[in-house]
Amino acid sequence: MASPSPSSSTIPAVVVTGADGQLGQTLKALWAQSPLRESYQLVGLNKASVDITDSEQLSQRLNRLEVAALINGAAYTAVDAAETQREQAFAVNEHGAANLATWAAWSGCRFIHLSTDFVFDGRQTRPYLPDDDPAPLGVYGASKLAGERAVLARCPQALLLRTSWLYSPYRKNFVRTMLGLMSQRDSLKVVNDQIGSPTASHTLAQVLLAMVATEAPGGIYHWTDGGALSWYDFAVAIQAEALDLGLLSRAIPIAPIPTSEYPTPAKRPPYSVLDTDTTRAHFDCP
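Residues numbered from 1 in each chain as written. Predicted model: local features only at pLDDT ≥ 70, side-chain atom pairs only at ≥ 80, totals over all residues. Heavy atoms only, no water.

1. Overview of the pattern of salt bridges
Reasoning step 1: Under the criterion given, the structure shown has 6 salt bridges.
Reasoning step 2: For Asp121, the salt bridge is made with Arg123, and the minimal N-O distance between the two is 3.7 Å.
Reasoning step 3: A residue is classified by how much of its surface remains accessible, and Asp121, at 16% relative accessible area, is buried.
Reasoning step 4: Between Asp186 and Arg250 there is a salt bridge, with the nearest N and O atoms lying 3.7 Å from each other. With Asp186 in the loop between helix 5 (174–184) and strand 7 (188–191) and Arg250 in the loop between helix 7 (231–245) and strand 12 (254–257), this pair connects stretches of sequence that are 64 residues apart.
Reasoning step 5: Residue Asp186 is classed as exposed on the basis of its relative accessible area, which comes to 62%.
Reasoning step 6: Arg250 gets classed as partly exposed once you look at its relative accessible area, which sits at 33%. (Salt bridge = Lys/Arg side-chain N within 4 Å of Asp/Glu carboxyl O. Buried < 20%, exposed > 50% of the residue type's maximum accessible area, 1.4 Å probe, protein only. Helix = DSSP H or I, 4+ residues; strand = E, 2+ residues; numbered from the N terminus.)

2. Here we look at the layout of surface pockets
Reasoning step 1: Of the pockets and cavities examined, the second largest pocket occupies roughly 260 Å³.
Reasoning step 2: Leu30, Gln33, Ser34, Pro35, Leu36, Gln206, Leu209, Ala210, Ala213, Asp284, Cys285 and Pro286 are the residues that line the second largest pocket.
Reasoning step 3: Looking at the lining of the second largest pocket, the element that brings in the most residues is helix 6 (residues 201–213), giving 4 residues.
Reasoning step 4: Tallied by class, residues from the lining of the second largest pocket come to 8 nonpolar, 3 polar and 1 charged. (1 Å grid on protein atoms, 1.4 Å probe; cavity = no way out; pocket = protein on both sides within 12 Å on 5 of 7 lines; lining within 4 Å. Points joined across faces, edges and corners; volume = space filled by probe spheres on them. Nonpolar A, V, L, I, M, F, W, Y, C, P; charged D, E, K, R; others polar.)

3. Remarks on the side chain of Asn99
Reasoning step 1: Mapped onto the elements of the fold, Asn99 is located in helix 3 (residues 86–107).
Reasoning step 2: There is a polar contact of 3.4 Å between the side chain of Asn99 and the backbone oxygen of Thr53.
Reasoning step 3: Each residue touching Asn99, except ones within four places of it in the same chain, is listed here: Ile52, Thr53, Asp54, Ser55 and Leu58. (Polar contact = N/O pair within 3.5 Å; in protein donor to acceptor, adjacent residues only side chain to side chain. Contact = heavy atoms within 4.5 Å.)

Structure representation (C-alpha cells):
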C-alpha cells in the first residue's frame, strides 16, 4: 500500500466492518502494536453505525473518510438459523458484500473480504485449494458463496480470504463454549467425523494486517492455523490446555460421537481443511 501524503489533513483509514465481532475486536487489540498505526487510523463499523445492506447509507458513511483499505468482517454467521432465515443471510452475506465491493471499486481502496470453508461440501480428502469448485451444503454456505461471487464481479482486485473454525476471547465460539461446558458438566460428547482446521482470531488478524500492508494480486486466498482434526480432537486439546493454564480445576470424560448422533438443521462439510500455501507465498504470515 502506498504511503499517505504527509500533507493530508485527513488521516487515511483502515476500515473494518463487523467491528464488534471476534475478528473486529481482535484487530482493535492488535492495532496498538501494528506499524500501520503510524500512518493510518483504524475505524470500526458495526450494525449500529452503518447498515451495509443499505447502499446509500453505506456510501454516505464511507464517503466521510479517506479509506485506504476496507476489511469486510460483517457477516450473518448463524449457520443453523440460516436454514429458516435465508433472506436475512443473503441480505448481509451477498447484498451487503456487494455494496461494499461496489464502493471499494469506485473509491480505489484495497478491499479484503472474509469468507468461509462452508462454501465446500467436504467430499475431498485433501486440503481445499482456493480454485477448487465450491458446493455449499446449506443456506449459510450458499449465501457466503454468493457474496464471494458478487465481490469478485464488482471488485476484481479484491482479496478474498476464506477461513475456518474461528475462535477468540470474544463472543460465542467453540473454545469458549467448551470451557463453559467443561466447568459445568461431568462428561461431554463431541462430534468426531467432521474434520477441519481451527483458526485463532489473533493469527487471522495478523494475516489481514499483512494483506493491508502488502501488494498482492486480487483473488481468493485461504488462512487457518494449519493441521487437520475433528471437533472431538479439538475439545480434548482445549481441555488439556485449559488444565495446564489453570482455567479448569478438573478433567471430565469426553466421548467421540458421529454426526448422526448430534443432528443439526444445517449440514456441515465432513472435511473442510483449507490449503494455505498461496497465502503464505504472498504475505508475511505468523
